[in-house]
Amino acid sequence: MTSAALSQAACTCPFKTVIALALAAIGLHASAGEGYKLRQSPVGAFGGEMAAGPDNPGFFGTASLSQIRISKFVDENGNKVKPPAIPPYKLNPALPYAVTFPEGTLDFHQDQTQLNLMGGYLTETTYAEGRLAFVANLPLIKQSRSFTVNQPLGTVVPTPTSPPLLPPQLAAINGGAVQANNTAQAGVAAKNAAASVDASGLGDAELSMAWIRHQDRLKVAAGVSLFVPTGDYDKARGPNPGSGNFYTLRPGVAVTYSLNPQQTTSDWDAGVTVGGRLSFGINSVNKDTQYRSGNFVYAEAGIVKVVGNWALGLNLSGTQQVSDDSGPGTVLGRYQNYGAGPFLSYKLPGQDAGFNLHYSESFGGRNSLVTQTLQLRFIKAW
């Protein structure tokens, strides 16, 4: 084959198609839990209010400000996700020479500021000795993502039986390798630019109803939440305030028990309350992507000790998918994530109001985001 023919073959090879397909797999859309996440907060719900006395009927509200840092996302083995390798591309069918691309790396982090405004009403009328609570929760979210894939240059690799090349043939092969590398680097740069963006807007609203009964030291709350896709969402964008065009139904139950309401005694359990929570999330299909995240179980345990107007506690939570994802681009493996952290609460003297400062860090993740969260919450009843 002539040098001109080799050069033409190198120029007409569909590098862009092959490399674009490989780069497309770097996105955060196909995973256990679409986008490596589920509609479950990385911060436990238990705070100092778990030790509060009987709830007063009427209106109540909560405002929480969270600063969330996502440091990485991990695969089904808990390892940091790497970009998929670009497959070797043969430069010309007539010669056993190909451009081989080494493994790339991914540097990723995302900062998210989230303001949740929650309002509700607790009925005066009792039902089976408990009251009904109706709650609406609307998040306002600002996100900033840095997404950088570093792809080393590919090299021409001959097979052991490759015939020696004449200088014109070698020049054509090298020219094809340059073209392949230029296409790969351009694709990486485009992907980085598209994924490293800022986004802000409404998140997905949560509408809840619960039956709450408080008897002596025991408090039980059983109810259901519905997440509605009110959030700003674009399937072609990296970060999104909304999770997607789908619904999540999450029934659950929470129980708290005061071991010893007397805070002034010297007993170890003075002012100590323990609690547990269990819920089950059911996801519908994302109509924009035809992807359905698997259903999941969420469990949480907490303990708090109250001294005067102050309360110090700790909680541990875990989220585990119990069914597989389905739809285009489904990846094997299920979402798993745990979180733990302390909280400090202060009740305003003489007021049905207080503050709760909570830090939580995730660990033991599989097919999930790794997060660190600091949250300040204000609670007020009227």
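Residues numbered from 1 in each chain as written. Predicted model: local features only at pLDDT ≥ 70, side-chain atom pairs only at ≥ 80, totals over all residues. Heavy atoms only, no water.

Caption draft 1: Fine view of the overall build of the protein. For the protein, the helix and strand inventory stands at three helices and 16 strands. Classification of the 382 residues of the protein by burial places 42% in the buried group. Long-range contacts, defined as pairs at least 24 residues apart, comprise 71% of the intrachain contacts of the protein with a sequence gap of at least 6. Carbon and sulfur atoms make up 63% of the accessible area of the protein, which amounts to about 18400 Å² in all. (Helix = DSSP H or I, 4+ residues; strand = E, 2+ residues; numbered from the N terminus. Buried < 20%, exposed > 50% of the residue type's maximum accessible area, 1.4 Å probe, protein only. Contact = heavy atoms within 4.5 Å. Areas by Shrake-Rupley, 256 points an atom, 1.4 Å probe, with all protein chains shown as cover.)

Caption draft 2: A nonpolar patch on the surface, seen in detail. Taken together, Phe134, Leu207, Met209, Val224, Leu226, Tyr247, Leu249, Phe280, Ile282 and Val322 make up a surface patch of nonpolar side chains, about 760 Å² in accessible area. Tracing the chain through its elements places Ile282 in strand S11 (residues 272-283). (Patch = residues over 30% accessible without salt bridge, like charges linked within 9 Å, V, L, I, M, F, W, Y side chains within 5 Å. Salt bridge = Lys/Arg side-chain N within 4 Å of Asp/Glu carboxyl O.)

Caption draft 3: Looking closely at the pairing of strand S2 (residues 89-92). Relative to strand S3 (residues 95-100), S2 runs antiparallel, the two sharing three bridges. Bridging across to S3, Asn92 finds its partner in Leu95. The hairpin formed by S2 and S3 contains two residues between the paired strands. (Pairing = 2+ DSSP bridges.)

Caption draft 4: Main features of the sheet that holds S3. On the basis of which strands lie adjacent, the open sheet formed by three strands has the order S2-S3-S6 and antiparallel pairing. The two strands at the open ends of the sheet, each matched to only one other strand, are S2 and strand S6 (155-158). In this sheet, neighbouring strand axes are inclined to one another by 40 degrees on average, regardless of whether the strands run parallel or antiparallel. (Axes fitted to C-alpha atoms, helices over the stretch in contact; angles between N-to-C directions.)

Caption draft 5: Region of interest: the environment of Asp204. Structurally, the position occupied by Asp204 is in the loop between strand S7 (198-202) and strand S8 (205-215). Classification of Asp204 as buried rests on a relative accessible area of 10%. Here Asp204 is in contact with Arg39, Asn137, Pro139, Val228, Pro229, Thr230, Gly231, Gly242, Ser243 and Gly244, once residues within four sequence places are set aside. Here the side chain of Asp204 touches Arg39 through a polar contact of 3.0 Å, side chain to side chain. (Polar contact = N/O pair within 3.5 Å; in protein donor to acceptor, adjacent residues only side chain to side chain.)

Caption draft 6: Spatial organisation of the nonpolar core. Formed by Tyr36, Ile68, Ile70, Phe73, Val81, Leu106, Phe108, Phe147, Val149, Val188, Ala195 and Leu369, the largest nonpolar core amounts to twelve residues. Within the residue set of this core, elements represented by two or more residues are strand S1 (58-74), strand S4 (105-127), strand S5 (130-150) and helix H3 (167-195). Counting residues per element, this core draws most heavily on S1, which supplies three residues. If we skip the residues at most four places from it in the chain, Leu369 touches Gly35, Tyr36, Lys37, Ile70, Lys72, Phe73, Asn337 and Ser362. (Core = buried A, V, L, I, M, F, W, Y, C linked by side-chain atoms within 4.5 Å.)

Caption draft 7: Representation of the pattern of salt bridges in the model. The final tally for this structure, using the stated rule, is nine salt bridges. Among the ionic pairs, Arg377 bridges to Glu49, the shortest N-O distance being 2.5 Å. Placement of Arg377 in strand S16 (residues 368-381) and of Glu49 in the loop between helix H2 (15-24) and S1 is noted, with a sequence separation of 328 residues between them. Owing to a relative accessible area of 8%, Arg377 belongs among the buried residues under this scheme. Since its relative accessible area comes to 32%, Glu49 is described here as partly exposed. Across the pair Arg213 and Glu129 runs a salt bridge whose closest N-O atoms are separated by 2.9 Å. In this pair, Arg213 is assigned in strand S8 and Glu129 in the loop between S4 and S5, connecting sequence segments 84 residues apart.

Caption draft 8: Main features of the packing of aromatic side chains. Considering all chains together, one arrives at seven aromatic pairs under this definition. Residues Tyr36 and Phe73 carry aromatic rings whose centres are separated by 4.8 Å and whose planes lie at 50 degrees to one another, so their mutual orientation is tilted. Separated by 37 residues along the polypeptide, Tyr36 in the loop between H2 and S1 and Phe73 in strand S1 bring together distant segments of the chain. The class of Phe73 is buried, set by a relative accessible area of 2%. When the ring of Phe355 is compared with that of Phe378, the centres are 5.0 Å apart and the planes differ by 45 degrees; the resulting orientation is tilted. (Phe/Tyr/Trp six-rings, centres within 6.5 Å; stacked < 30°, edge-to-face > 60°.)

Caption draft 9: Summary view of the pairing of strand S10 (residues 248-258). Pairing of strand S9 (residues 218-228) with S10 involves ten bridges; the strand directions are antiparallel. Across the sheet, Val224 pairs through a bridge with Pro251, a residue of S10. Direction of pairing for S10 relative to S11: antiparallel, over a ladder of nine bridges. Within S11, the residue paired with Ser258 across the bridge is Thr273.

Caption draft 10: Molecular detail of the side chain of Asn260. For Asn260, the position within the fold is in the loop between S10 and S11. Look at Asn260 and you get buried, because its relative accessible area is 9%. At 3.2 Å, the side chain of Asn260 forms a polar contact with the side chain of Asp269. Look past the residues within four positions of Asn260 in its chain and what remains in contact with it is Arg217, Thr265, Asp267, Asp269, Ala270, Gly271 and Val272.

Coordinates in, geometry out; function isn't part of it.
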